[in-house]
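# Fold and geometry: a report
Chain by chain, the residues run as shown.
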Amino acid sequence: QVQLVESGGGLVQPGGSLRLSCAASGFTITTYSMSWYRQAPGKERELIARITKSGGSTTYADSVKGRFTISRDDAKNTVYLQMNSLKPEDTAVYSCNAQRFWVEYWGQGTQVTVSS
């Protein structure tokens, strides 16, 4: 069975940091581009970060540039999202995505809440 399982979410104060993890099983992420999306209540799902299968290229949404960093550890079959300088507007469910050609997998999401 193919699974992506996110973890590391929680409640943090504005200005704080969190590190999200996305652990893959049932397949290896080596040949997949990996992405993080988020969706806030009443809002559309937003692509916030993507890293290519080689790890040589990353892209970020303007809203998170300079604050978030996506990385991957293919040996651990895991992708990460380091989130710094968190803002209340970062509050959302964060989901992991793996994509290779016509194949695409999604995780269940993890809640991130930024509030004082």
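Structure report, in brief. Everything numeric in this text was worked out from a predicted model, so none of it was measured. Sequence order sets the numbering: in each chain, residues are counted from 1 along the sequence as written. Residue-level local features of this predicted model are given only where pLDDT is at least 70; pairs of side-chain atoms are given and counted only at 80 or more, and the full residue set underlies all totals for whole chains, interfaces and linings. In computing side-chain values, all of the structure's heavy atoms are included and hydrogens and water are not.

Pairs of cysteine sulfur atoms within 2.5 Å are identified as disulfides in what follows. Counted according to the given criterion, the structure contains one disulfide. Disulfide pairing places C22 opposite C96 at an S-S distance of 2.1 Å. Here the disulfide of C22 and C96 is left-handed, its torsion about the S-S bond being about -85 degrees. One end of the pair, C22, is in strand β3 (residues 18-25); the other, C96, is in strand β9 (residues 92-100), with 74 residues separating them in the sequence. Taken individually, C22 and C96 each receive the classification buried, so the pair is uniform in this respect. Secondary structure elements are taken from DSSP: a helix is a run of H or I of four residues or more, a strand is a run of E of two residues or more, and numbering for both begins at the N terminus. With a 1.4 Å probe rolled over the protein chains alone, any residue whose accessible area is under 20% of its type maximum counts as buried; one over 50% counts as exposed, and the rest are partly exposed.

Our focus in this paragraph is the packing of aromatic side chains. Within a pair of aromatic rings, the relevant descriptors are the distance that separates the centres and the angle that separates the planes. In this analysis, rings of Phe, Tyr and Trp, with Trp reduced to its six-membered ring, are considered paired at centre separations within 6.5 Å, and the interplanar angle assigns stacked below 30 degrees, edge-to-face beyond 60, and tilted for intermediate values. Here the structure, examined in full by the defined rule, presents five aromatic pairs. Aromatic side chains Y32 and Y105 sit 5.9 Å apart centroid to centroid with 35 degrees between the ring planes, which places their arrangement in the tilted category. One end of the pair, Y32, is in the loop between β3 and β4 (33-39); the other, Y105, is in strand β10 (residues 103-106), and 73 residues separate them in sequence. Classification of Y32 by relative accessible area gives buried; the value is 9%. Taken together, the aromatic side chains of F27, Y32 and Y105 make up a single cluster linked through ring pairs. Think of it as a cone above the ring: NZ of Lys or CZ of Arg counts as a charge over the ring if it is within 6 Å of the ring centre and within 35 degrees of the ring normal. Geometry around W106 places R45 over its ring, the cationic atom sitting 3.8 Å from the centre.

The salt bridge definition used is simple: a Lys or Arg side-chain nitrogen within 4 Å of an Asp or Glu carboxyl oxygen. Enumeration over the complete set of coordinates arrives at five salt bridges. Of the charged contacts, one joins R38 and D90 as a salt bridge, the two residues approaching to 2.9 Å between their closest N and O atoms. Of this pair, R38 sits in strand β4 while D90 sits in the loop between β8 (78-83) and β9, and the two are 52 residues apart along the sequence. According to the relative accessible area criterion, R38 is buried, its value standing at 7%. Relative accessible area serves as the criterion here: at 0%, D90 is assigned to the buried category. Put simply, D90 and R67 hold a salt bridge, and the shortest N to O gap is 2.7 Å. Separated by 23 residues along the polypeptide, D90 in the loop between β8 and β9 and R67 in the loop between β6 (58-60) and β7 (68-73) bring together distant segments of the chain. We note that D90, like R67, is buried. Three or more residues joined by partner-sharing salt bridges are found here, namely R38, E46, R67 and D90.

Read these as geometric descriptors, not functional statements.
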